[in-house]
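In case you want the letters, here they are:
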Amino acid sequence: VMVSEKFLEASKEKILGNFETSRKLLEECLKLDPEHHPSCYQLADIGHITGNYNSALVWAEKAVKLDPGNGWYKVLQADLLMKLERYAEAVVVFKELNRIWPRKRIWYEGLAKAQLLAGKPLESVKTYDRILSEFGFDEEIFFKMTGLLEMSGKQSKVEEKLRQLVRENPYNTDYLRNLAAMYVRYGKEDKAMPLWREILRIDPGNGEVHFEMAGYFRRKGDDAQAYQELLQAFSTPNLSIDAKIVVLLSYYNLTEQFPALLPQAYSLLDLTVKHHPDNPKGWSMYADFLVREQRYREALDLFKKVTELDSTRYLVWEQLLMCANALNDFTVLSEEGIRGTEQFPDQAMLYLYYGKGLLYKGRIDEARKTLSRGYLFTGFNDTLSQRFLQAMANAALYALDFSKGDEYFSKGMGKGNVTSWFLCDYMRFMVLSGRKEKMQAVMDRAASQPETDPWKQLLLLWHQAGSGNTTAVKGGIETLMNTFGHLFYVMESAGHLCQMAGLTEMAEACRRKALAASNGAKLPEKP
């Protein structure tokens with residue numbers, strides 16, 4: 001009676017989650033009755049719940065020993081053995097459970113798993129085979145079994161099982177594909193072809209099979225037929241976008257060496273976006289091809305579409321603004337730049353593009369604030385910091401804030417190697433602001449720049465103008481206009497130079513060329 005009362009109280013405490021109290025009561029039960037196996041079981045269960053598996057197993061085995069016919073005690077014992085990775089012992093217990101409950105499939109599955117983990121995959125195969133024979137066909141169990149056979153090197157057995165499956169299910173295209181895939185793995189590709197043909201007879205629009213056939217013909221060296229199969233595969237939405245992207249990536253690399261294959265790539269890209277219009281991956285891949293060919297306007301439109309479908313991919317935003325920058329489309333830079341910086345408020349590059357857009361749309365104060373904020377995220381990237389300082393200095397020039405402009409250019413000079421563009425802008429700043437004391441230092445830094453560089457040529461002209469030698473400016477500007485008239489920033493700076501030198505007509509000609517190379521730029525008349 002005392003044991004029963006304490007056991008009942010212990011059970012209540014266990015249900016309430018008071019495991020330590022319950023454990024003490026159960027131990028008291030066993031002091032009164034050392035053979036009280038329900039207490040042993042409950043102690044094992046508490047250990048199992050609290051993760052104390054070793055002590056739990058001791059109690060579970062004691063419960064089994066005291067009441068060998070109790071299947072639930074063995075269930076807990078098997079579970080603990082599996083958790084402790086004592087798989088060979090678990091196999092023995094699962095076999096006992098199968099004898100106790102011969103029609104319980106769950107214990108057969110437990111036995112198969114324990115056999116596999118115990119390093120006996122073929123024993124596991126036998127158990128799975130028994131499950132199929134006693135409980136009926138189960139696709140998951142069947143492919144687990146054939147997977148183990150293949151892992152064990154039993155290729156002929158795998159073929160036998162898969163062929164039998166196909167015979168019993170002749171119109172199941174998934175099973176036909178599995179048999180074909182097995183032949184491909186085993187180097188018997190010619191046996192796979194009749195199976196693929198049969199699948200296409202049953203399901204003519206099966207893109208996955210066309211995809212597999214494309215691989216077959218490519219390995220055979222028949223590239224023309226492989227491409228035709230790819231066209232068929234890409235013409236269906238049931239071939240996943242990810243599979244198509246893998247092929248397109250291979251084309252991206254291949255067309256670097258063999259540009260003649262570009263028409264094929266673009267045909268596949270057209271089919272991809274046609275059949276997956278709401279998936280950003282296809283549009284993004286298409287845009288990457290266009291960027292490589294410097295077809296920036298078309299790429300820009302596609303990147304816009306990608307951001308409409310998925311605005312969470314940073315590289316897409318950077319590519320979008322890069323295209324706008326290459327096109328000198330300052331309207332897009334200002335309109336899309338604000339969206340990009342809101343989506344990624346700690347990415348410096350987006351602020352640089354956005355700030356440029358604002359500056360050349362005439363929104364100088366906003367540009368200065370945007371660039372200053374973005375500069376905070378450049379970190380230890382000297383190259384990027386220098387680009388920001390150059391843009392910030394130019395914005396300060398347009399705002400007539402010469403002290404800040406000089407400060408930014410001076411900081412940029414200390415960022416290691418400086419570009420000829422940076423040096424040219426610095427020279428322009430010094431000439432226009434009247435701060436010419438550092439002109440020679442800039443010339444010294446420019447000495448190593450190639451003479452064919454348009455910025456080096458323009459820098460020399462600014463230096464000549466700043467030194468009072470304006471007669472040489474006209475001829476130099478004419479040469480620049482003839483050679484580099486398509487470069488927006490060069491013509492913009494040249495226009496300022498001509499204006500300062502009193503070459504009004506030439507200044508207007510440079511401005512017209514700059515505007516022709518831009519998309520919505522606003523050029524300040526002068527600082």
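Counting restarts for each chain, with residues numbered from 1 along the sequence as it is written. Reporting of local features is limited, given that this is a predicted model, to residues whose pLDDT is at least 70; pairs of side-chain atoms are given and counted only at 80 or more, and all residues count toward the totals for whole chains, interfaces and linings. Side-chain numbers here rest on the full set of heavy atoms in the structure, without hydrogens or water.

Visitor: Outline the overall build of the protein, listing residues and values.
Guide: Secondary structure follows DSSP: runs of H or I at least 4 residues long count as helices, runs of E at least 2 residues long count as strands, and numbering of each begins at the N terminus. When helices and strands are counted, the protein shows 30 helices and 0 strands. Between the two quantities, the radius of gyration covers C-alpha atoms and the globule rule is 2.2 Å times the number of residues to the power 0.38. By the compact-globule yardstick of 24 Å for 527 residues, the protein is too spread out, its C-alpha radius of gyration being 38 Å. Residue contacts are counted whenever heavy atoms from the two residues lie within 4.5 Å of one another. For the protein, the proportion of contacts with a sequence separation of at least 24, taken over those separated by at least 6, is 53%. Seen as two clouds, the 67 positive and the 68 negative side-chain charges of the protein have centres 1 Å apart. Under this rule, positive means Lys or Arg and negative means Asp or Glu; His and the chain ends count for nothing. Charge coordinates come from a single atom per side chain, which is NZ of Lys, CZ of Arg, CG of Asp or CD of Glu.

Visitor: Tell me about the packing of aromatic side chains, residues and numbers included.
Guide: Pairing of aromatic side chains here covers Phe, Tyr and the six-membered ring of Trp, requires ring centres within 6.5 Å, and sorts the geometry by plane angle: under 30 degrees stacked, over 60 edge-to-face, intermediate tilted. Under the criterion given, the structure shown has 28 aromatic pairs. Consider the rings of Y216 and F217, whose centres lie 5.2 Å apart with planes at 75 degrees: the pair is edge-to-face. The exposure classification of Y216 matches that of F217, with both residues buried. Judged by centre distance (6.2 Å) and plane angle (70 degrees), the rings of F402 and F429 are edge-to-face. Of this pair, F402 sits in helix α24 (residues 402–413) while F429 sits in helix α25 (residues 420–433), placing them 27 residues apart in sequence. With a 1.4 Å probe rolled over the protein chains alone, any residue whose accessible area is under 20% of its type maximum counts as buried; one over 50% counts as exposed, and the rest are partly exposed. A residue is classified by how much of its surface remains accessible, and F402, at 23% relative accessible area, is partly exposed. The rings of F330, Y360, W421, W455, F488 and Y489 are connected pair by pair, giving a single aromatic cluster.

Visitor: A description of the nonpolar core should follow, citing residues and the corresponding values.
Guide: Residues enter a nonpolar core if they are buried and are Ala, Val, Leu, Ile, Met, Phe, Trp, Tyr or Cys, with the set joined through side-chain atoms within 4.5 Å. In terms of nonpolar packing, the biggest core is built from 107 residues, with L268, L458 and I477 touching the most fellow members. With 10 residues, helix α21 (residues 348–360) is the single largest residue contributor to this core. Aside from chain neighbours lying at most four places away, what touches L268 is Y227, L230, L231, F234, V247, L248 and Y251. Formed by 33 residues, the second largest nonpolar core is a distinct cluster that contains L148, Y175, Y183 and I199.

Visitor: Describe the packing of helix α14 (residues 223–234) against helix α15 (residues 241–257), with residues and values.
Guide: Contact geometry of α14 with α15 gives a least axis separation of 11 Å together with a crossing angle of 140 degrees. Considered as vectors, α14 and α15 are oriented oblique to each other. Between α14 and α15 lies a crossing of left-handed hand. Seen from α14, the contacting residues are Y227, L230, A233 and F234; seen from α15, they are K244, V247, L248 and Y251. Comment: axis = line fitted to C-alpha atoms, over the contacting stretch for helices; angle = value between 0 and 180 degrees taken between N-to-C directions. Oblique is the label for every angle not falling under 35 degrees (roughly parallel), over 145 degrees (roughly antiparallel), or within 65 to 115 degrees (roughly perpendicular). What makes a crossing left-handed is the near helix being turned counterclockwise from the far one by less than a right angle; a clockwise turn instead makes it right-handed.

Visitor: Summarise helix α10 (residues 155–168); cite the residues concerned and give the values.
Guide: Helix length check: α10, at 14 residues, gives a terminal C-alpha distance of 20 Å against a target of 20 Å (1.5 Å per residue), a fit within 8%. The secondary structure elements touched by the buried residues of α10 are α8 (121–135), α9 (139–151), α11 (173–185) and α12 (189–202). Given a helix with a known number of residues, its expected span is that number minus one, times 1.5 Å.

Visitor: If you had to explain the layout of surface pockets to someone new, which residues and values would you point to?
Guide: Approximately 570 Å³ is the volume found for the largest pocket. At the level of elements, α19 (314–326), α21, α23 (382–398), α25 and α29 (488–500) are the ones that each hand at least two residues to the lining of the largest pocket. The biggest single contributor to the lining of the largest pocket is α23, with 7 residues. Classes in brief: Ala, Val, Leu, Ile, Met, Phe, Trp, Tyr, Cys and Pro nonpolar; Asp, Glu, Lys and Arg charged; the others, Gly included, polar. Residue composition of the lining of the largest pocket, grouped by class: 12 nonpolar, 10 polar and 7 charged. When its volume is computed, the second largest pocket comes out at roughly 380 Å³. Here the term cavity refers to a set of points on a 1 Å grid, laid over the protein atoms alone, in which a 1.4 Å probe fits but cannot get out; the term pocket refers to an open set having protein on both sides within 12 Å along at least five of seven lines, with lining residues being those that place an atom within 4 Å of a point. Lining the second largest pocket are 15 residues, with R218, L230, S250, Y251 and L254 sitting closest to its centre. Every element with two or more residues in the lining of the second largest pocket is listed here: α13 (207–219), α14 and α15. Top contributing element to the lining of the second largest pocket by residue count: α15, with 5 residues. Grid points are joined across faces, edges and corners, and a volume is the space filled by probe spheres set on the points.

Visitor: Describe the packing of α14 against helix α16 (residues 262–275), listing the residues and the values that go with them.
Guide: For the pair α14 and α16, the least separation of the axes is 9 Å and the interaxial angle reads 15 degrees. Overall, the two elements α14 and α16 adopt an arrangement that is roughly parallel. Handedness of the crossing formed by α14 with α16: left-handed. Touching Y227, L230, L231 and F234 of α14 are Q264, S267, L268, L271, T272 and H275, all from α16. Looking at the contact of α14 with α16, its residues break down into 6 nonpolar, 4 polar and no charged.

Visitor: Requested: an account of unusual backbone geometry, with residues and values cited.
Guide: Notably, N328 is not glycine yet its phi reads approximately 55 degrees, a positive angle. The phi angle at L400 is positive, at roughly 60 degrees, despite the residue not being glycine. On the secondary structure map, L400 appears in the loop between α23 and α24. Under the relative-accessibility criterion, L400 is labelled partly exposed at 49%.

Visitor: So what about the environment of N178? Which residues, and what values?
Guide: Considering the arrangement of structural elements, one finds N178 in helix α11. Residues N178 and L149 lie 29 residues apart in sequence; the distance between their C-alpha atoms is 15 Å. Residues in contact with N178, not counting those within four places in the same chain, are F143 and L162. By the criterion applied in these results, polar contacts are pairs of N or O atoms within 3.5 Å in which, for protein atoms, one can donate a hydrogen and the other can accept it, and in which residues neighboring in sequence qualify only through two side-chain atoms. Polar side-chain contacts of N178 include one of 2.8 Å to the backbone oxygen of D174.

Visitor: A description of helix α22 (residues 364–375) should follow, citing residues and the corresponding values.
Guide: Here α22 is 12 residues long and its end C-alpha atoms lie 16 Å apart, about the 16 Å a rise of 1.5 Å per residue gives. Within α22, the full set of buried residues consists of I364, A367, T370, L371 and G374. All buried residues of α22 project into a common sector of 125 degrees when viewed along the axis, lining one side. Turned more than 90 degrees off the buried face of α22, the exposed positions are D365 and K369. On its buried face, α22 is in contact with α21 and α23. The arc in question is formed by the directions pointing from the helix axis toward the C-beta atoms.

Visitor: How would you sum up the pattern of salt bridges? Please name residues and give values.
Guide: Salt bridge, as used here: a side-chain nitrogen of Lys or Arg that lies within 4 Å of a carboxyl oxygen of Asp or Glu. Taken as a whole, this structure holds 37 salt bridges when the rule is applied. A salt bridge links E96 to K74; its shortest N-O distance comes to 2.9 Å. Of this pair, E96 sits in helix α6 (residues 87–100) while K74 sits in helix α5 (residues 71–83), and the two are 22 residues apart along the sequence. Ionic pairing is found between E508 and R511, a salt bridge with its closest N-O pair at 4.0 Å.

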